[in-house]
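An overview of the molecular structure
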Amino acid sequence: FFFVSTFPSGIPSTMGGLRRSESIHEEGPLLKKRKVKPAFTPKYQGPTKNDILAARKQHLSDGQYTFYKEPLMLVEGAMQYIFDEQGRRYLDAYSNVCHIGHCHPHVVEAVQKAMATVLTNTRYLHPTIATYAERLKQRFPPELDTVFFVNSGSEANDLAVRLARVHTQRSGVVALQHAYHGTTAVCTGLSTCLAPGTKGGCTDWKYCARDIWIAPNPDLVRGVFRKGDPKAAEGYAEMVQNTINTKCPDDVAGFIAESIQGVGGQVVFPPGYLKAVYEKVRAAGGVCIADEVQVGFGRTGQCYWGFETQGVVPDIVTLGKPIGNGFPLAAVVVKRHIAKSFDDCQYFNTAGGNPVSCAAGLAVLESIEEDKLQENARIQGEYCMQLLEELKARHPRVGDVRGMGLFMGVELMKERHSLEPAPEATARVFERCKELGLLIGKGGPYNNVLRIKPPICVTRDDIEFIVGCLERALQEEAELEEQGRVVSEPSASDVNLLVYNYLKQNGFGHLATQFKQETGGLKKEDNPFYGLKLQSVLAAAASSSVRPQEHVDYEGAQKISDCTATGTCPDLKQNGTNGLHDEAHPATNGHAANGHAANGHTA
């Protein structure tokens, strides 16, 4: 067997300046000794990368994008590491799908054994589904006592909305700006990060956003209430109340939010925010849905579920991705009286909860507990946040560091105190990290947040490697700028002026005026929000269904659909878009490849 060297040579050299705090000396829990396969066998004899790219182009749609300018081909994985066809090893700091590690031996063994036994659906009896449901419920507050098994996080969120609507006999659902909840029709409507669509202006979000109402995001960096403001939680919760009052006062079925926003930029809500929101939603007759697809199963370190960090108990919780460590499995955990409302809907799921999926789920629960991986997420997460804060102090590009456990974001800005995003620099750092052997993500409304969310089995050395790669990439970025070898990004004020002129010249004078008013002016000094409305206005202008005489509501909520009232679908003027992304940098909320925007939820 061939073993690749631990890290690309030279990377840890930047770690000399990373001081280790006296307050953190804990090493991660020792993982239970398991029989782990060799790191890599250099016997790959399959098609070349170019062959695969050509086949994808022939057989798949162009919209099914790949990561990176030079796509990465992966052929094997082992715990926190993955390998390309050449045998090069990468530290995976992006996959929260393989939650406890790629090809985790305990999960592999459990799935192989179950697959060799029987594979059937939940309308036949099998002991594994009952055992797994009981074990899963033990991790939840006692009120959450009923489980539906499905196959993906998208399915789970779709079912959660159905449960809320049937139980309340209402249709309106409140979601947050920059949210991501999946790819079914309903979930696409909830996923406001998808609203801008691709750089060509095409999006199906507007067709899916019926009876969905969008509340402002609790943005502690650029929002009305900032970090450390004691009024932040209640202030942002009042914005949810205002959305209910003005958009669906008598028709709110539920409120859905990720416990920590992922695609939106690793956004940690202010303490007490969800508690205040849940009180208002329940007072209005709605139920509260916590999307734990990205942050559940111990990733936050301090708690098993993200909602616990906010001190709340939701009415419905959705699970996906890490639940099966990459095996197709997801779940909805709900209070019994809400589930009872759904009994007459004759719901079934052919593959959801099959014996093989449940075997994978059981193995994940067992590994998290036996290997003390939640505690590992806490220890390594604290250490990583400490190093990232020190990195921020040394690099003016790093405008904000945030996160919890092993779910962190590093936001890059042109100048820290200006808050002006640096999406192009972020893209270069993202690409450079791959070259150095580190895989991370990027996202956020301006696509300027580096997303870090590795398997929760990572070690202290892995954390130092992550920060070391970021440091080297940032240093190189700064050197290139000093040498004039990087084309400067246009200032937000310049972009705003271009948009204003574009709108006026193309018959959208009313939108130009509205854009100028709501961005606070066209000059940088008059515009503290740096083009926040840019993408929404461009989308409206580019859409053939939007005419100058029509009103476009791009503040973040849609008007009542005539489809619902009359059964016919009028022009899409009633649906508006949210001011979420910057068209000047169209590859938003993910990764651009082959010239296509990457708005999908990939993490």
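1. Things to note about the pairing of strand β3 (residues 89-92)
Of the two faces of β3, the one lined by Arg 89 and Leu 91 and the one lined by Tyr 90 and Asp 92 are each fully buried. Here strand β2 (residues 81-84) pairs with β3 via three bridges, running antiparallel. Its bridge partner lying in β3, Phe 83 is registered against Arg 89. Counted between consecutive antiparallel strands, the loop separating β2 from β3 contains four residues, among which Gly 87 sits at a positive phi close to 90°. Relative to strand β13 (residues 438-439), β3 runs parallel, the two sharing two bridges. Of the residues in β13, the one forming a bridge with Asp 92 is Leu 439.

2. With respect to the pattern of salt bridges
Applying the stated criterion across every chain, the model contains 20 salt bridges. Close ionic contact of Glu 234 with Lys 280 constitutes a salt bridge, the shortest N to O distance being 3.0 Å. Of this pair, Glu 234 sits in helix α7 (residues 232-247) while Lys 280 sits in helix α8 (residues 273-283); the two residues are 46 residues apart in sequence, bridging distant segments of the chain. By relative accessible area, which is 39% here, Glu 234 ends up partly exposed. Overall, the relative accessible area of 13% leaves Lys 280 in the buried class. The shortest N-O distance in the salt bridge between Glu 477 and Arg 428 comes to 2.6 Å.

3. Quick word on helix α3 (residues 127-137)
Every buried residue belonging to α3 is among Thr 128, Tyr 132, Ala 133 and Leu 136, and all of these are buried. Viewed along the axis of α3, the buried residues span an arc of 125°, placing them on a single side of the element. Structural note: α3 exposes Pro 127 and Glu 134 on the side pointing more than 90 degrees away from its buried face. Of the surrounding elements, those touching the buried residues of α3 are β4 (144-150), β9 (316-319), β10 (330-335) and α10 (355-370).

4. Observations concerning the packing of aromatic side chains
Overall, the coordinates contain 15 aromatic pairs when judged by the stated rule. On the numbers, 6.5 Å between centres and 70° between planes, the contact of Phe 255 with Tyr 278 is edge-to-face. Taken as a pair, Phe 255 in strand β7 (residues 252-258) and Tyr 278 in helix α8 lie far apart in primary sequence, 23 residues in all. For the residue pair Phe 255 and Tyr 278, the accessibility class agrees, reading buried in each case. Relative to Trp 305, the ring of Tyr 304 has its centre 5.0 Å away and its plane inclined at 80°; by these criteria the two rings are edge-to-face. For the pair shown, Tyr 304 and Trp 305 are each scored as buried. Sitting above the plane of the Tyr 304 ring, Arg 139 keeps its charged end 3.8 Å from the centroid.

5. Section: the sheet that holds strand β5 (residues 172-176)
Strand order in the open sheet formed by seven strands is β4-β10-β9-β8-β7-β5-β6, with mixed pairing between adjacent strands. Looking along the sheet, the strands with just one partner apiece sit at the ends: β4 and β6 (212-215). Neighbour-to-neighbour, the strand axes of this sheet turn through a mean angle of 20°, independent of strand direction. Relative to β9, strand β8 (residues 287-291) runs parallel, the two sharing three bridges. Note that in β9 the partner of Asp 291 across the bridge is Thr 318. In this fold α8 packs onto β5, β7, β8 and β10, with an angle of close to 145° to the strand it touches most, β8.

6. Things to note about the confidence of the model for the protein chain
Considering every residue of the protein chain, the mean pLDDT works out to 79; 73% of them sit at 70 or more. Scored below 50 in pLDDT, residues 1-39 shows 92 contacts in the model against residues more than four places distant or in partner chains. Segment residues 523-603 is flagged for pLDDT under 50; beyond a separation of four residues in sequence, or across chains, it makes 231 contacts in the model.

7. Examining the nonpolar core
Leu 136, Phe 255, Leu 319, Leu 388 and Leu 470 are the most contacted members of the largest nonpolar core, which has 102 residues in total. The element best represented in this core is α10, accounting for nine residues. Beyond its immediate chain neighbours, meaning those up to four positions away, Leu 470 contacts Leu 388, Leu 391, Val 429, Cys 433, Ile 440, Leu 450 and Ile 452. With 23 residues, the next largest nonpolar core counts Leu 159, Ala 160, Ile 214 and Ala 339 among its residues.

8. Remarks on the environment of Phe 149
On the secondary structure map, Phe 149 appears in strand β4. The exposure class assigned to Phe 149 is buried, which follows from its relative accessible area of 8%. In sequence terms Phe 149 and Ala 330 are 181 residues apart; their C-alpha atoms lie 6.0 Å from each other. If we ignore the near neighbours within four places in the chain, the residues touching Phe 149 are Ile 129, Tyr 132, Ala 133, Leu 136, Leu 329, Ala 330, Ala 331, Asn 349, Gly 352 and Gly 353.

How each quantity is defined
What you see as residue numbers is a count from 1 along each chain, following the sequence as written. Per-residue local features are limited, in this predicted model, to residues with pLDDT of at least 70; the limit for side-chain atom pairs, both in listing and counting, is 80 or more; totals at the level of whole chains, interfaces and linings are taken over all residues. Values shown for side chains rest on all heavy atoms present in the structure; no hydrogens or waters enter the calculation. For every residue, the accessible area (1.4 Å probe, protein chains only) is compared with the maximum for its type, and the residue is labelled buried under 20%, exposed over 50%, or partly exposed between those bounds. The helix count covers DSSP runs of H or I at least four residues long, the strand count covers runs of E at least two residues long, and both are numbered beginning at the N terminus. At least two DSSP bridges between two strands are needed for those strands to be called paired. Here a salt bridge means any side-chain nitrogen of Lys or Arg lying within 4 Å of a carboxyl oxygen belonging to Asp or Glu. It is the directions from the helix axis to the C-beta atoms that the arc portrays. Whether two residues are in contact is decided by their heavy atoms, any of which lying within 4.5 Å being enough. Stacked, tilted and edge-to-face pairs are distinguished by plane angle, under 30 degrees for stacked and over 60 for edge-to-face with tilted covering the rest, among Phe, Tyr and Trp rings (Trp via its six-membered ring) whose centres lie within 6.5 Å. Each ring is checked for a lysine NZ or an arginine CZ that lies within 6 Å of its centre and within 35 degrees of its normal; such an atom marks a charge sitting over the ring. Axis definition: a line fitted to C-alpha atoms, over the contacting stretch in the case of helices. Angles run 0 to 180 degrees between N-to-C directions. Values of pLDDT, which run from 0 to 100, indicate the predictor's confidence residue by residue. Grouping buried Ala, Val, Leu, Ile, Met, Phe, Trp, Tyr and Cys residues that are joined through side-chain atoms within 4.5 Å yields what is termed a nonpolar core.

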